[in-house]
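Coordinate analysis (summary)
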Amino acid sequence: MLETTRTYRAKIVNHSQVSDDLDDCGHSASKLWNVARYHAQNEWDDTGEIPSEADLKCELKDHERYSDLHSQSSQRVLEELAESFNGWFKKRKNGDTDANPPGYRKRGGNHPRSTVTWKQNGIKHDSKHNQLRLSKGFNLKNHRSDFILAEYETRPDVTVENIQQVRAVWNGDRWELHLVCKVEIPVEDAPGDNTAGIDLGISNYLAIAYDDGDAELYPGNVLKQDKHYFTRDEYDTEGKNGPSRRALRARQKLSRRKDHFLHALAKHIVEQCIDHEVGRIAIGDLSDIREDENGESRNWGKRGNKKIHGWEFDRFTTLLEYKAEEHGILVDRVSERATSKTCSCCGRKRDANRVERGLYVCESCGTTMNADVNGAVNIRRKITQNPPTEDMSNGRLARPAVHLFNQTSGRFAPSKQVSCEP
C-alpha cells in the first residue's frame, strides 16, 4: 500500500447558512495578509532583506487581525506570504525584471475573499453526516457560535477520511471546500522492465522515447491558446485598486484549464507507459535551468525569462510521480545537461547539430531525427545503457507520433483522430 495525500473538491450544501461566516473569514485573511505585506515592505526598505516565515509569525502573533482566525489559519496566511516573497526574490535574482512582489489584497474599500486554510486542530469531521466544524478566531466568536458548521457533498466515488487540511476557496460565485486527505492506495506491480525518457519543453510540452524505438510528441499549443485568450486586453484589466472582477474570473478559469491539462497529460503518459511495459521513467530535472554550466545565473532575455518562470515543469513532474507510483512505475529526475546537443546514436556533441528548432542532424553519423525526441532518448540513456531495438534513424524518430489535447473530451489522442472529429 502507498500512503499519500489527495485533494477532493466539495460543494457546500448549506451555502446560504455559512456564506456570511466564510466571507468574514475570507476578508479577515485578506486583512492579515495586508498587515503582513506592509510589515514585509518596511523590512525590505530598511534592510534589503525579506522577513522569514518565523519572523512574520513572531511579529504579528499579537496583532488584532491575527486573532480574527483560528491560530493555525492565521499561520497559513503568513506562510503563503513568505512563500510568495521567496518566489519573487528568486525570480528577481535570476534576472526576471518583470517579476513583481506579492501585492496587497484590496480593491477600493473592499477586501477580496482570500482562501482560508484550517489545519487539523481547527477541524472536527462528522463523516456520518458529511459535516465539518471549522473553528473561528477569537474576534469572530462574539455573539455567534464558535465554529462554522458546513455540510458538504463530493463525488459519489470519493470517501472522505483522515482529513489533514480544509481550504475554503471562493471560485468567483460561491465558496467551495478543498479537502486534503491522507489515503492509502494499493500499488500494482510494475508493468515491465522497459524504460522511457521524457524531455520537457515549451513548444512541444513533452517528448517521450521508449526503448522499443517508439516516440511521441505532446505539443503545448492548447496552453498557449488559453493563455492568449484569457490574458487579452478586455480580460487583463487592472488599475490602482487591483484586477477587475472579470479579470479575476478569467485568471481562475485559465488556472483550472491548465491544471486539467497537466493532470490529463500525466495520466495519459502513465497509460502509454503501461502499454509499453515501462517500469522506470527518466524525466529531465530542470531545477538548474536558470544556471549556466558554471553555476552562474543565466539570463534568457526578457521574453525567455518570462516563459521559463511560467513553465510549471516541477508541478507536472510531481503529478507524474504520484500517478506512476500507483502502477509500480518509478520516476527518476535526471540532469538534462547537454542532452539536446548530443547525438543519441553516436554520442558526439556539437551545438551545430541542432540545425532547426525541430530537427537534429548529426554530421558525424548522419542520423536525422526530431530534436526533442533526440533529447528524450539521451535522457532515457541516463538510467539504462540498453540501445533501442530499432534503427535510430528510422522514420518514427524523425517524424514521431503527435498526440493533441482534445478540449471536448478532456483527453489526449493521436493528431489524426483529433483533427477528424467534428
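Please refer to the structure higher up on the page.
Notes on the structure in this doc start here. (Residues numbered from 1 in each chain as written. Predicted model: local features only at pLDDT ≥ 70, side-chain atom pairs only at ≥ 80, totals over all residues. Heavy atoms only, no water.)

1. So, the overall build of the protein
Counting secondary structure elements, the protein contains 10 helices and 18 strands. Sorting the 422 residues of the protein into buried and exposed places 44% on the buried side. For the protein, the share of sequence-separated contacts (at least 6 apart) that also reach a separation of at least 24 residues comes to 67%. Approximately 22600 Å² of the protein is accessible, and the part contributed by carbon and sulfur atoms is 44%. (Helix = DSSP H or I, 4+ residues; strand = E, 2+ residues; numbered from the N terminus. Buried < 20%, exposed > 50% of the residue type's maximum accessible area, 1.4 Å probe, protein only. Contact = heavy atoms within 4.5 Å. Areas by Shrake-Rupley, 256 points an atom, 1.4 Å probe, with all protein chains shown as cover.)

2. Overview of the pairing of strand β5 (residues 147–153)
Both faces of the sheet carry side chains from a regular strand, because those side chains alternate between them. Here β5 shows a clear split, with I148, A150 and Y152 buried on one side and none of F147, L149, E151 and E153 buried on the other. Of the pairings in the sheet, the one linking strand β1 (residues 2–12) to β5 comprises 2 bridges and is antiparallel in character. Among the inter-strand pairings, I12 is bridged to a residue of β5, identified as Y152. The sheet contact formed by strand β4 (residues 131–135) and β5 spans 5 bridges and is antiparallel. Bridged to S135 within β5 is F147. (Pairing = 2+ DSSP bridges.)

3. Comments concerning unusual backbone geometry
Positive phi, normally seen in glycine, also occurs at N130, with a value near 50°. A positive phi angle is found at A338, which is not glycine, with a value near 70°.

4. Considering the environment of I12
Assignment of secondary structure puts I12 in strand β1. The exposure class of I12 is buried, given its relative accessible area of 0%. Expressed as a C-alpha distance, the spacing of I12 and R174, which sit 162 residues apart in the sequence, is 9.0 Å. Apart from residues no more than four positions distant in its own chain, I12 is found in contact with V18, L22, E151, R174, W175, E176 and L177.

5. Focus: the packing of aromatic side chains
Overall, the coordinates contain 10 aromatic pairs when judged by the stated rule. An angle of 75° between the planes, with centres 6.1 Å apart, marks the rings of F85 and W88 as edge-to-face. Placement of the pair is F85 and W88 together in helix α3 (residues 71–93), with a separation of 3 residues, close to one helical turn. Like F85, the residue W88 is buried in the burial classification. Clustering of aromatic rings is evident, with ring pairs tying together Y205, Y218, F261, F316, F405 and F412. Stacked on the ring of W170, the Lys or Arg R113 has its end atom at 3.9 Å from the ring centre. Cation over ring: R133 sits above F147, and NZ or CZ is 3.9 Å from the ring centre. (Phe/Tyr/Trp six-rings, centres within 6.5 Å; stacked < 30°, edge-to-face > 60°. Lys NZ or Arg CZ within 6 Å of the ring centre and 35° of its normal.)

6. Remarks on the sheet that holds strand β8 (residues 194–200)
Adjacent strands of a sheet pair through backbone hydrogen bonds, lying either parallel or antiparallel. On the basis of which strands lie adjacent, the open sheet formed by 7 strands has the order β14-β13-β8-β9-β10-β17-β18 and mixed pairing. The sheet is open, and its two borders are formed by β14 (330–335) and β18 (411–414), each paired with just one other strand. Ignoring which end each strand starts from, the neighbouring axes of this sheet average 25° apart. For β8 and strand β9 (residues 204–210), the ladder comprises 5 bridges, and the chain directions are antiparallel. By the bridge assignment, I198 is partnered in β9 with I208. (Axes fitted to C-alpha atoms, helices over the stretch in contact; angles between N-to-C directions.)

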